[in-house]
Amino acid sequence: MASGPERFLTATAHLPITPQRMPDSTHTAAEAAAAVGCAVGAIVKSLVFVAVHSDDTREPVLALVCGDNRADLEALAGVLGARIEKADAKTVKETTGYSIGGVPPLGHPAPVRTVVDRDLLRFETVWSAAGSAYDVFPATPQQLVEWTGGELADIGTR
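For clarity, every value in this text was computed on a predicted model and none was experimentally measured.

Enquirer: Honestly, the side chain of threonine 96 in this entry has me stumped. Any pointers?
Expert: By the element assignment, threonine 96 lies in helix α4 (residues 89-96). Among the polar contacts listed, one links the side chain of threonine 96 to the backbone oxygen of valine 92, at a separation of 2.8 Å. A polar side-chain atom of threonine 96 sits 3.1 Å from the main-chain amide nitrogen of tyrosine 98. Once residues lying within four places of it in the same chain are set aside, the contact partners of threonine 96 are Val48, Val103, His108 and Pro109.

If you want it as structure tokens, here you go:
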């Protein structure tokens, strides 16, 4: 089986994405910012949640949040019109194909409903995981919104 970064490269080959392998872990936003040499806020946290709808259907969702913000679950619930639960590691892997710490914002086995923290727009370039805790790629926030089909919303809080 191909590695996470190899699968990410294959899934995003049609896009102008150039992943970079870091010598140090980028597992956390702080580690990623130190490795890349950018502000912590310019790191994109790809967080998987489960939206539980009024009819009890469960939908995995991806929240792309600034590295210096926490996901505001009440705000996310309002955007999605559903109760929000944190996804466990198994759900993250099943939904995205990647393990926590290396989840990219795109390149998943199937489309995932995505909500993008509007606060990312304060940066010219943001950095996201590219399939492992050592691989990242730069993009503009606008590219991430376009590539993921994400909905911009105020879902981050400090």
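Moving on from the model shown.
Enquirer: Just checking my understanding: could you explain the nonpolar core for this structure?
Expert: Nonpolar side chains in soluble globular proteins generally cluster together in the buried interior. In terms of nonpolar packing, the biggest core is built from 27 residues, with Phe8, Ile17, Leu106, Phe137, Leu144 and Trp147 touching the most fellow members. Ranked by residue count, the leading element in this core is strand β2 (residues 44-52), at 4 residues. What tryptophan 147 contacts, discounting residues up to four positions off in sequence, is Leu15, Pro16, Ile17, Leu106, Phe137 and Ala139. In this structure, Val61, Val65, Ala82 and Ile155 belong to the second largest nonpolar core, which totals 13 residues.

Rules and cut-offs
- Residues numbered from 1 in each chain as written.
- Predicted model: local features only at pLDDT ≥ 70, side-chain atom pairs only at ≥ 80, totals over all residues.
- Heavy atoms only, no water.
- Helix = DSSP H or I, 4+ residues; strand = E, 2+ residues; numbered from the N terminus.
- Polar contact = N/O pair within 3.5 Å; in protein donor to acceptor, adjacent residues only side chain to side chain.
- Contact = heavy atoms within 4.5 Å.
- Core = buried A, V, L, I, M, F, W, Y, C linked by side-chain atoms within 4.5 Å.
- Buried < 20%, exposed > 50% of the residue type's maximum accessible area, 1.4 Å probe, protein only.

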